[in-house]
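Structure at a glance
The primary structure of each chain is shown beneath.
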Amino acid sequence: MTETLKLATFAGGCFWCTESAFADVKGIHEIVSGYIGGHVENPTYEQVCSGSTGHYEAVQISFDPDSVSYESLLEIFFRQIDPTDGSGSFVDRGTQYQSAVFYHDDAQKAAVLDIIENINNTRIFERPVVTKVLEAPKFYPAEDYHQQYHKTNAQRYKYYRAASGRDIFIEQNLSGFNKVFNSD
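Residues numbered from 1 in each chain as written. Predicted model: local features only at pLDDT ≥ 70, side-chain atom pairs only at ≥ 80, totals over all residues. Heavy atoms only, no water.

**Quick notes on the nonpolar core**
Counted only if it meets this: For our purposes a nonpolar core is just a set of buried Ala, Val, Leu, Ile, Met, Phe, Trp, Tyr and Cys residues, chained together by side-chain atoms within 4.5 Å. The buried label applies to any residue whose accessible area, calculated with a 1.4 Å probe on protein chains only, is under 20% of its type's maximum; exposed applies above 50%, and partly exposed to all values in between. In what follows, residue pairs with any heavy atoms lying within 4.5 Å of each other are defined as contacts.
Core analysis: the largest hydrophobic core is formed by 41 residues, its most contacted members being Phe10, Ile61, Leu73, Leu74 and Phe78. Look past the residues within four positions of Leu74 in its chain and what remains in contact with it is Phe10, Val101, Ala111, Val112 and Ile115. Judged by nonpolar contacts, the second largest core, of 8 residues, contains Ala11, Val32, Ala100 and Phe139.

Put into structure tokens, the structure is as follows:
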């Protein structure tokens, strides 16, 4: 990674779905699915899925801030999740599937707190945002078969995504998020 690239780390439930949301964004150099926030070094998928390690399924993105802003990445992230669900994400339940933004500096922390405040003030949801904002600890890449899953296992991914309820939620909340992010 060159000095001009920065990191962004997001936990939005299933890392396959979070990763695919960023797949074609100009300015992103790499997206890695993995685990963050727990107490076990080099955890496995099975360990994290058990809910006993304290890790979140997450993606870590290296990006060029001259090509894509951190705020733009936050917008993509928040449009992919239910930020009011504290018990997991869509069909995936448990702490390992909760949403969180792991900030790498004070500017990132301020940016995500501003967006959460804006979502809450806009009242597009009946419940408040519970997405956690945490300082980024060590990130562990997931096993190779999880990387780019939406491409390497396209049929299974499409079936999982369709059954998860994520796309229905995104469609139902499109106009609300457009208000938050001043989009048409």
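**A word on the pattern of salt bridges**
Inclusion rule: Think of a salt bridge as a Lys or Arg side-chain nitrogen and an Asp or Glu carboxyl oxygen that are within 4 Å of each other.
Tallying each qualifying case throughout the model produces 4 salt bridges. Of the charged contacts in the structure, one is a salt bridge between Arg79 and Glu75, with a shortest N-O distance of 3.1 Å. With relative accessibility at 15%, the residue Arg79 sits in the buried group. Relative accessible area serves as the criterion here: at 22%, Glu75 is assigned to the partly exposed category. When the shortest N-O distance is used, the salt bridge between Asp85 and Arg93 registers 2.9 Å. Given the relative accessible area of 14%, Asp85 is considered buried.

**Section: the pairing of strand β2 (residues 28-36)**
For clarity, the cut-off: A run of H or I in DSSP counts as a helix once it spans at least four residues, and a run of E counts as a strand once it spans at least two, with each numbered from the N terminus. Two strands qualify as a pair provided DSSP detects at least 2 bridges between them.
Among the 9 residues in β2, 7 count as buried, and that is most of the element. Note: β2 against strand β8 (residues 139-141), 3 bridges, orientation antiparallel. Bridge pairing in β8 places Tyr35 opposite Tyr140.

**Topic: the side chain of Thr9**
Convention followed: Here a polar contact is recorded for every N or O atom pair within 3.5 Å, except that within protein the pair must consist of a potential hydrogen donor and a potential acceptor, and residues adjacent in sequence are included only if both atoms are side-chain atoms.
Within the secondary structure, Thr9 is located in strand β1 (residues 6-12). One polar contact links Thr9 to Gln60, side chain to side chain, over a distance of 2.8 Å. Within polar-contact distance, the side chain of Thr9 engages the side chain of His104 at 2.7 Å. With near-sequence residues (within four places) excluded, Thr9 lies in contact with Ile36, Ala58, Val59, Gln60, Ala100, Val101, Phe102, His104 and Phe139.

**As for the pairing of β1**
Two faces belong to every sheet, and in a regular strand the side chains alternate between them. Of all 7 residues in β1, 5 are buried, a share of seventy percent or more. Where β1 meets strand β3 (residues 56-63), 5 bridges bridge the pair, whose relative direction is antiparallel. If you follow Ala8 over to β3, its bridge partner there is Ile61. Pairing of β1 with strand β6 (residues 99-103) involves 4 bridges; the strand directions are antiparallel. Within the sheet, the bridge partner assigned to Ala11 lies in β6 and is Ala100.

**Things to note about the side chain of Thr131**
Within the element layout of this structure, Thr131 appears in the loop between α4 (106-122) and β7 (132-135). Polar side-chain contacts of Thr131 include one of 2.7 Å to the side chain of Ser99. Discounting chain neighbours no more than four positions away, the residues touching Thr131 are Phe77, Phe78, Ile81, Pro83, Ser99, Ala100, Val101 and Ile116.

**Focus on helix α6 (residues 154-164)**
We apply this condition: Our arc is simply the arc of the directions from the helix axis toward the C-beta atoms.
Those residues of α6 that fall on the buried side of the exposure criterion are Tyr157, Tyr160, Arg161 and Ser164. Taken end-on, α6 shows its buried residues confined to a sector of 95°, consistent with a single buried face. Across from the buried face of α6, at angles greater than 90 degrees, the exposed residues are Gln155, Lys158, Tyr159 and Ala162. Phi turns positive, to about 90°, at Gly165, one or two residues after α6.

Honestly, that's just the spatial picture; any functional story needs more than this.
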